[in-house]
Amino acid sequence: KQTTWFSETEAMWPGQKFCLAQEEVLFHGKSDFQDVLVFKSETYGNVLVLDGVIQATERDEFAYQEMITHLPLYSHANPKSVLIVGGGDGGVAREVAKHTGVEKIVMCEIDPKVTEVSRKYLPKMSASLEDPRLTLLFQDAAEYLRSGECGKFDVIIVDSSDPVGPAEVLFRSEFYENLKNALNPNGIVSTQGECLWLHLDLIADVLGRVGQFFPTVQYAYTTIPTYPSGQIGFVLCSLDDSVDALNKPKRIVDAKTAETLEYYTSKVHEAAFVLPAFAEKKISPV
Ligand code: SPD
């Protein structure tokens, strides 16, 4: 049998392409915002692809969803309210829902098609979209935050795709300012922060931009085989200006929650902020 290869577009990583052996296309269509594809791979389970770029595979999604979520939530002493920007596949909502102290989760996803296909083909990622604490809005998050009607949150997680297409507005200064305005005192933001190997200049720019609004800003990262170059990071911003506002967890993981985690531990939390020399030279903490 001849292998059919899915080959990722090289939108933000010219000169390299990641491929996965594809068994079957489960869904392919255009939403109002982007091209949406879900396929069954030979070795990574079902795969969600937006505009030709891999967003999540069933085999390794936990490495991203756990870290973008638990880094800010365990850096906060007592998070009760969480806003998720994007995150339509439901993976971040699943991780937020593990925090029993969280009382309110609002998720603002621009594209209902992403949620629809995830409910159908990515059931382990999307199950917590039914959590009674969660309110799901299909809305442009940039407008939602600009309106000032969203209220205030302890933690905001920006689970976006790359800054081409619908997510481009989520990397602008105005958006970061609006994130700050939507936080409670000591609030924390965690955003998809791109790859050290590919986007160091972009990361330095973003850190500079968010540094205008937050006293503490740091980059942390995870490893994940199906994202470009096997690595992706998070820009974490805190209104708390103390030295260890972000890189030391304020709470430990209880035994029951630890059983559900495949990547995040308190030790991994601290290690995620330790950068290789080439990156530290370019993006030292603000
Ligand atoms: N280069 C791909 C970055 C994708 C980040 N978002 C993933 C969404 C998973 N919930």
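Located above this text is the structure these notes cover.
Described below are features of the structure shown in this document. (Residues numbered from 1 in each chain as written. Predicted model: local features only at pLDDT ≥ 70, side-chain atom pairs only at ≥ 80, totals over all residues. Heavy atoms only, no water.)

### What to know about the site of the ligand
At step 1: Lining the immediate surroundings of the ligand are 14 residues, of which Gln-65, Asp-89, Asp-159, Ser-160 and Asp-162 lie closest.
At step 2: Measuring from a nitrogen atom of the ligand, one finds a backbone N or O atom of Ser-160 at 3.0 Å.
At step 3: About the coverage of the ligand: the protein hides 98% of its 340 Å² of free accessible area.
At step 4: When contributions to the shell around the ligand are tallied by element, the ones reaching two or more residues are β5 (53-57) and α1 (61-75).
At step 5: Ranked by residue count, the leading element in the shell around the ligand is β5, at three residues. (Near = heavy atom within 4 Å. Polar contact = N/O pair within 3.5 Å; in protein donor to acceptor, adjacent residues only side chain to side chain. Areas by Shrake-Rupley, 256 points an atom, 1.4 Å probe, with all protein chains shown as cover. Helix = DSSP H or I, 4+ residues; strand = E, 2+ residues; numbered from the N terminus.)

### Details of the side chain of Thr-69
At step 1: If you trace the backbone, Thr-69 turns up in helix α1.
At step 2: Engagement of the side chain of Thr-69 in a polar contact is seen with the backbone oxygen of Gln-65, the distance being 2.7 Å.
At step 3: Setting aside residues up to four positions removed in sequence, Thr-69 forms contacts with Val-92, Glu-95, Val-96 and Ile-157. (Contact = heavy atoms within 4.5 Å.)

### Considering the sheet that holds β5
Either a parallel or an antiparallel arrangement is found when strands of a sheet pair, and the pairing is made through backbone hydrogen bonds.
At step 1: Strand order in the open sheet made by the five strands is β1-β2-β3-β4-β5, with antiparallel pairing throughout. Every interior strand has two partners, whereas the edge strands, β1 (4-7) and β5, have only one. Across the sheet, the mean angle separating the axes of adjacent strands is 40 degrees when strand polarity is ignored.
At step 2: Pairing analysis gives four bridges linking strand β4 (residues 46-50) to β5, with the strands arranged antiparallel. Counted as the bridge partner of Val-49 is Ile-54 from β5.
At step 3: Sheet contacts for helix α3 (residues 112-121): β2 (19-30), β3 (35-41) and β4; angle to β4, the most-contacted strand, approximately 175 degrees. (Pairing = 2+ DSSP bridges. Axes fitted to C-alpha atoms, helices over the stretch in contact; angles between N-to-C directions.)

### Considering the nonpolar core
At step 1: One finds Leu-83, Val-85, Ile-156 and Phe-175 to be the most contacted residues of the largest nonpolar core, which totals 36 residues.
At step 2: The biggest single contributor to this core is helix α7 (residues 200-211), with five residues.
At step 3: Residues contacting Ile-156, with those up to four places away along its chain left out, are Leu-83, Val-85, Leu-179, Ala-182, Leu-183, Ile-188, Val-189 and Ser-190.
At step 4: Among the nonpolar cores identified, the runner-up in size contains 34 residues, and Leu-73, Val-82, Val-96 and Val-155 belong to it. (Core = buried A, V, L, I, M, F, W, Y, C linked by side-chain atoms within 4.5 Å. Buried < 20%, exposed > 50% of the residue type's maximum accessible area, 1.4 Å probe, protein only.)

### Side note on the environment of Ala-141
At step 1: With respect to the helices and strands, Ala-141 occurs in helix α5 (residues 141-146).
At step 2: You can call Ala-141 buried: its relative accessible area is 6%.
At step 3: Beyond its immediate stretch of four places on either side in the chain, Ala-141 contacts Val-85, Cys-108 and Phe-175.

### What about unusual backbone geometry?
At step 1: Even without being a glycine, Glu-194 presents a positive backbone phi close to 65 degrees.
At step 2: With respect to the helices and strands, the residue Glu-194 is situated in strand β10 (residues 183-194).
At step 3: Phi at Ser-229 is positive, roughly 65 degrees, even though this residue is not glycine.
At step 4: Note that Ser-229 resides in the loop between β11 (216-223) and β12 (231-238).

### What to know about the sheet that holds β10
At step 1: With respect to topology, seven strands assemble into an open sheet ordered β8-β7-β6-β9-β10-β12-β11, the strand pairing being mixed. In the strand order of this sheet, the two ends are held by β8 (134-138) and β11, each with one partner. Across the sheet, the axes of successive neighbouring strands diverge by a mean angle of 15 degrees, strand direction being ignored.
At step 2: Here α3 sits on the sheet and contacts β7 (104-109) and β8; the angle it forms with β8, its principal contact strand, is near 130 degrees.
At step 3: Across the face of the sheet, helix α6 (residues 173-181) comes into contact with β6 (81-86), β9 (153-159) and β10 while running at roughly 145 degrees to β10.

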